[in-house]
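Tertiary structure, described
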Amino acid sequence: MDLSNKVAIVTGGASGIGYHISLTLAKNGASVVINYNSSAEKANQLVKEINSFGGNALAIQADVSKFKDAQKLVDVTVETFGTLNILVNNAGITADNLILRMSEEQFDSVVNTNLKGVWNMIKASSKTILKSGYGRIINISSVSGVLGNAGQSNYSAAKAGVLGLTKSIAKEFASRGVTVNAVAPGFIESDMTDKLNDTQKETWLSKIPLGRFGTKQEIADVVCFLACPLGAYITGHTLSVDGGLVM
Ligand code: NAP
């Protein structure tokens, strides 16, 4: 999975699944811009970790829900590394509630980060990626966007929106050889799954054919595959990485 001479941005790239994506792209040779919103310390720590094995990384603060921030993130990347090849839209938040109790603010904040944030980043980077000669866009959706989930009307709407956005941009960019795909993680061992009680865990595990939650690294490896030359003939696709939950 050779990514040498490629430049990547990973939004929300300092923690959680994003940390593993940033590290994996860097280990495979990409120069990685680690975007963060509030986790400056984690981002700087990851830059040091990547530099320690001879990799190239830079941490940039930007709130992807704001177009101006998205543009600044892309501009600083291009000023520093000369181009942009790989955009991984990973940043995401949740604000769960049944719709009877969900506030307008809870809906807007999740849609603005998880859907508009993806559009902002694609819009801000599209000219650069299209002329870069090697372009890959990978959007992190969710099983919730595919199946829906009670208590997540905001999140599942945004994540389903990401799938439509992915297919539209895949059609717009295909003639230039730029691929655009979505990855839909299922239940991944994370702060989110740690919060489930034993009964909830058992209920979900009984629905997952492989009988376990996934790891963050398993998501990062799939993202890296789509980003590298091996993924060249895949576009407009949603790759479920969920132990068989969606089939
Ligand atoms: P996480 O640990 O909560 O990390 C979320 C990341 O998003 C953080 O790095 C955060 O950065 C960043 N972020 C949030 N709002 C942002 C904004 N406005 N601008 C820039 N960055 C922002 O989440 P995760 O579990 O790793 O999830 C990563 C992605 O996978 C998300 O899109 C999530 O929806 C999706 N996903 C996760 C699971 C799961 O089981 N964990 C399942 C399906 C899909 P700061 O810390 O700097 O604020």
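Each remark here, short or long, concerns the structure printed above.
For the structure given in this document, a descriptive report is provided here. (Residues numbered from 1 in each chain as written. Predicted model: local features only at pLDDT ≥ 70, side-chain atom pairs only at ≥ 80, totals over all residues. Heavy atoms only, no water.)

Turning our attention to the packing of helix H3 (residues 67-81) against helix H4 (residues 104-131). At a minimum axis distance of 8 Å, the contact between H3 and H4 shows a crossing angle of 35°. Our pair here, H3 against H4, has a crossing hand that is right-handed. Between H3 and H4, the contacting residues are Phe67, Ala70, Gln71, Leu73, Val74 and Val78 on the first element and Asn120, Met121, Lys123, Ala124, Ser125 and Thr128 on the second. (Axes fitted to C-alpha atoms, helices over the stretch in contact; angles between N-to-C directions. Helix = DSSP H or I, 4+ residues; strand = E, 2+ residues; numbered from the N terminus. Left-handed = near helix turned anticlockwise from the far one by under 90°. Contact = heavy atoms within 4.5 Å.)

Not every positive phi belongs to a glycine, and asparagine 5 is a case in point at roughly 70°. Relative to the helices and strands, asparagine 5 resides in the segment before strand E1 (7-10). When its relative accessible area of 74% is taken as the criterion, asparagine 5 is described as exposed. (Buried < 20%, exposed > 50% of the residue type's maximum accessible area, 1.4 Å probe, protein only.)

Let us look at the side chain of asparagine 114. Looking at the secondary structure, you find asparagine 114 in helix H4. Owing to a relative accessible area of 1%, asparagine 114 belongs among the buried residues under this scheme. Polar side-chain contacts of asparagine 114 include one of 2.9 Å to the backbone oxygen of isoleucine 93. (Polar contact = N/O pair within 3.5 Å; in protein donor to acceptor, adjacent residues only side chain to side chain.)

Turning to the pattern of salt bridges, a few remarks are in order. Taken as a whole, this structure holds two salt bridges when the rule is applied. Residue aspartate 63 pairs with lysine 66 through a salt bridge whose shortest N-O separation is 3.7 Å. Residue classification places aspartate 63 among the buried residues on the basis of a relative accessible area of 17%. Given the relative accessible area of 49%, lysine 66 is considered partly exposed. For glutamate 218, the salt bridge is made with arginine 212, and the minimal N-O distance between the two is 2.8 Å. Since its relative accessible area comes to 30%, glutamate 218 is described here as partly exposed. (Salt bridge = Lys/Arg side-chain N within 4 Å of Asp/Glu carboxyl O.)

The end-to-end C-alpha distance of helix H9 (residues 216-227) is 17 Å, a good match for the 16 Å that 12 residues give at a rise of 1.5 Å each. Buried residues along H9 sit in contact with helix H1 (16-27), strand E4 (86-89), strand E5 (136-140), strand E6 (179-185) and strand E7 (238-241). (Expected span 1.5 Å × (residues − 1).)

Spatially, seven strands are ordered E3-E2-E1-E4-E5-E6-E7 in an open sheet, and the strand pairing comes out parallel. Where the open sheet ends on each side, the last strands, each with one partner, are strand E3 (57-61) and E7. Going across the sheet, the axis of each strand differs from the next one's by a mean of 20°, ignoring polarity. Judged from the five bridges that link them, strand E2 (residues 31-36) and E3 form a sheet pairing that is parallel. Looking at the pairing, isoleucine 34 lines up with alanine 59 of E3. Relative to E3, H3 is tilted by about 155°, and along the sheet it contacts E1, E2 and E3. In the packing of helix H6 (residues 153-173) onto the sheet, contacts are made with E5, E6 and E7, and the angle to E6 comes to roughly 160°. (Pairing = 2+ DSSP bridges.)

Judged by nonpolar contacts, the single largest core of 34 residues is most densely connected at Leu3, Ile21, Leu25, Ile34, Val88, Val183 and Val223. Breaking this core down by element, the ones donating at least two residues are E1, H1, E2, helix H2 (40-52), E4, E5 and H9. For this core, the leading source of residues is H9, giving seven residues. Among all residues touching leucine 25, those that are not within four sequence positions of it are Leu3, Ala8, Val10, Ala30, Val32, Val88, Cys224 and Ala227. If you look at the next biggest cluster of nonpolar residues, it comprises 26 residues, including Ile9, Ile122, Leu165 and Val180. (Core = buried A, V, L, I, M, F, W, Y, C linked by side-chain atoms within 4.5 Å.)

Okay, the site of the ligand next. Of all residues adjacent to the ligand, which total 27 residues, the nearest are Ile17, Ser39, Asp63, Asn90 and Tyr155. Take glycine 12: an N or O atom from its main chain is 3.2 Å from an oxygen atom of the ligand. One of the side-chain N or O atoms of tyrosine 155 is found 2.5 Å from an oxygen atom in the ligand. Look at the ligand: alone it shows 890 Å² of surface, and the protein chains cover 86% of it. Mapped onto the shell around the ligand, the elements with two or more residues apiece are H1, E2 and H6. (Near = heavy atom within 4 Å. Areas by Shrake-Rupley, 256 points an atom, 1.4 Å probe, with all protein chains shown as cover.)

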